[in-house]
Amino acid sequence: MSSSRLSTRLSRLLNMVPYFLANPGISAAEAAEDLGVTTKQLMNDLNQLWMCGLPGYGPGDLIDLSFSEESVEVTFSAGIDRPLRLTSTEATALLVALRSIADLPGMVDPTAAHAALAKIEAAIAGTGTSAGTESVAPLEAPAVTTVRSALAANRALRLVYYSASRDVVSERVVDPIRIVLVDNNSYLQAWSRRAEGVRLFRFDRIEEAAELDEPARPPSHATDEAAALDLFSDDPAVPLAHLRIRADYGWVLDQYSMQRTALLPDGDVEATMRFATMDWMARLLLGFGSGVTVLGPAELVTAVRERSSAALDAYAALAEDPGYGDTVIEEVGPT
């Protein structure tokens, strides 16, 4: 998740120079509102930005700014305002990255992304025009379009959402904050009014979305970049499982949102994991077999033990069936 936050900040820093060149003398408060950050975060970004520039990093290479909370102005852009001349390798890498993000719902306007792809492809081919090369942008799901529209207009949303952890579909009203990319999936980060907390809503699980005729009003602390972006926030109200993971099952730690708490002498790892429902967590743990042992809470230990016993009893009943395991061969006469 730290990688996601760094990528978001890098994109914002790269956009700030042309933004301030186009809006010289704008106040920090106005710029922060336009860029979707707090004034404090903007000032931190500006302090970072004026230390960036071209290799050499001398006074004539670094971006230079004149800024305070009353006024921000770029006095030297270090060439960032000039169009880049990409090599074929750089252009190919850009195409691959743009195609990847264009295929993720909600991340970009698909029409604009495919128009940009066509222009880059035309530049690589040396035609200087995208005529005849522009591909047809895929149709965007209506719910995704609605979410992007509400985010741009700063409007609240009513979502019909499928929760995989609870295996239920629910309706909720949220205040959109931003769109984020986590583990190659795109999410709407929003303030859930029902849960009274920041939540992530995966785009491919949003079944319906309706833009409401009221402004989005997430609390100020929820819009801070440091706000939790984890799939399972560390909410004390959500049950916490204590697990012992066998050394040869270390892949489980990479596949699921777990926090390591101890490395044992035999190579086993103790970890914790938040979960939504007892039933879902018990089914998940049974799938790991002897690779994962439940240490707590007691209710989860009991649920896993009862399910394990029921499964063993079912197998024992099948084994006692005289016909179990017999192969029946039917003779088929000539047709």
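Residues numbered from 1 in each chain as written. Predicted model: local features only at pLDDT ≥ 70, side-chain atom pairs only at ≥ 80, totals over all residues. Heavy atoms only, no water.

Looking at an unreviewed UniProt entry, the protein chain carries the name Helix-turn-helix transcriptional regulator, with the source organism given as Nocardia jiangxiensis.

Asker: Would you take a moment to explain unusual backbone geometry for this structure?
Answerer: A negative phi angle characterises most non-glycine residues, just as the trans form characterises most peptide bonds. A cis amide bond links Gly 296 to the next residue, Pro 297, at an omega of 0°. Its identity is not glycine, yet Asn 154 carries a phi of approximately 55°, on the positive side. Assignment of secondary structure puts Asn 154 in the loop between α6 (142–153) and β3 (155–163). Notably, Glu 196 is not glycine yet its phi reads approximately 55°, a positive angle. Its location among the elements puts Glu 196 in the loop between β5 (185–192) and β6 (197–202). Owing to a relative accessible area of 62%, Glu 196 belongs among the exposed residues under this scheme. (Helix = DSSP H or I, 4+ residues; strand = E, 2+ residues; numbered from the N terminus. Buried < 20%, exposed > 50% of the residue type's maximum accessible area, 1.4 Å probe, protein only.)

Asker: Looking at this structure, how should I read the packing of helix α9 (residues 278–286) against helix α10 (residues 298–320)?
Answerer: Each packed pair of helices is defined by two parameters, the angle between the axes and the distance between the axes. One can describe the packing of α9 onto α10 by two numbers: an axis separation of 9 Å at closest approach and a directional angle of 55°. Classed by the angle they form, the pair α9 and α10 counts as oblique. The way α9 lies across α10 gives a crossing that is right-handed. Taking contact as the criterion, the partners of Met 278, Asp 279, Met 281, Ala 282, Arg 283, Leu 285 and Leu 286 in α9 are, on α10, Glu 299, Leu 300, Ala 303, Val 304, Arg 307 and Ser 308. Looking at the contact of α9 with α10 residue by residue, the class counts come to eight nonpolar, one polar and four charged. (Axes fitted to C-alpha atoms, helices over the stretch in contact; angles between N-to-C directions. Parallel < 35°, antiparallel > 145°, perpendicular 65-115°, else oblique. Left-handed = near helix turned anticlockwise from the far one by under 90°. Contact = heavy atoms within 4.5 Å. Nonpolar A, V, L, I, M, F, W, Y, C, P; charged D, E, K, R; others polar.)

Asker: Just to check I follow, could you spell out the environment of Arg 305 for this structure?
Answerer: Mapped onto the secondary structure, Arg 305 falls in helix α10. Taking C-alpha positions, Arg 305 is 9.0 Å from Ala 282, a pair spaced 23 residues apart along the chain.

Asker: How do you make sense of the packing of aromatic side chains when you look at a structure like this?
Answerer: Aromatic ring pairs are reported here in terms of the distance separating the ring centres and the angle at which the planes meet. Per the stated rule, a full pass over the model turns up five aromatic pairs. Residues Tyr 19 and Phe 20 carry aromatic rings whose centres are separated by 5.1 Å and whose planes lie at 80° to one another, so their mutual orientation is edge-to-face. For the pair Tyr 19 and Phe 20, one class covers both residues: buried. Taken together, the aromatic side chains of Tyr 249, Trp 251, Tyr 256 and Phe 288 make up a single cluster linked through ring pairs. (Phe/Tyr/Trp six-rings, centres within 6.5 Å; stacked < 30°, edge-to-face > 60°.)

Asker: Would you take a moment to explain the sheet that holds strand β11 (residues 292–296) for this structure?
Answerer: To summarise the sheet geometry, strands pair through backbone hydrogen bonds and adopt either a parallel or an antiparallel arrangement. The strand order across the open sheet built from four strands is β9-β10-β8-β11, with neighbouring strands paired in antiparallel fashion. The open sheet has two edge strands, β9 (259–263) and β11, and neither has a second partner. Taking the axes of each pair of neighbouring strands and ignoring which way they run, one obtains an average angle of 30° across the sheet. In terms of strand pairing, strand β8 (residues 240–245) meets strand β10 (residues 269–274) through six bridges, oriented antiparallel. Counted as the bridge partner of His 242 is Thr 272 from β10. Contacts from α10 reach β8 and β11 within the one sheet, and its direction differs from that of β11 by about 140°. (Pairing = 2+ DSSP bridges.)

Asker: Help me understand the side chain of Asp 175 in this model?
Answerer: With respect to the helices and strands, the residue Asp 175 is situated in strand β4 (residues 168–182). The class of Asp 175 is buried, set by a relative accessible area of 2%. In terms of polar contacts, Asp 175 uses its side chain to reach the side chain of Arg 193, at 2.8 Å. Here Arg 217 takes part through its backbone nitrogen, which lies 3.1 Å from a polar atom of the side chain of Asp 175. Non-local contacts of Asp 175, meaning those with residues more than four positions away in its chain, are made with Ala 156, Ala 190, Trp 191, Arg 193, Pro 215, Ala 216, Arg 217 and Pro 218. (Polar contact = N/O pair within 3.5 Å; in protein donor to acceptor, adjacent residues only side chain to side chain.)

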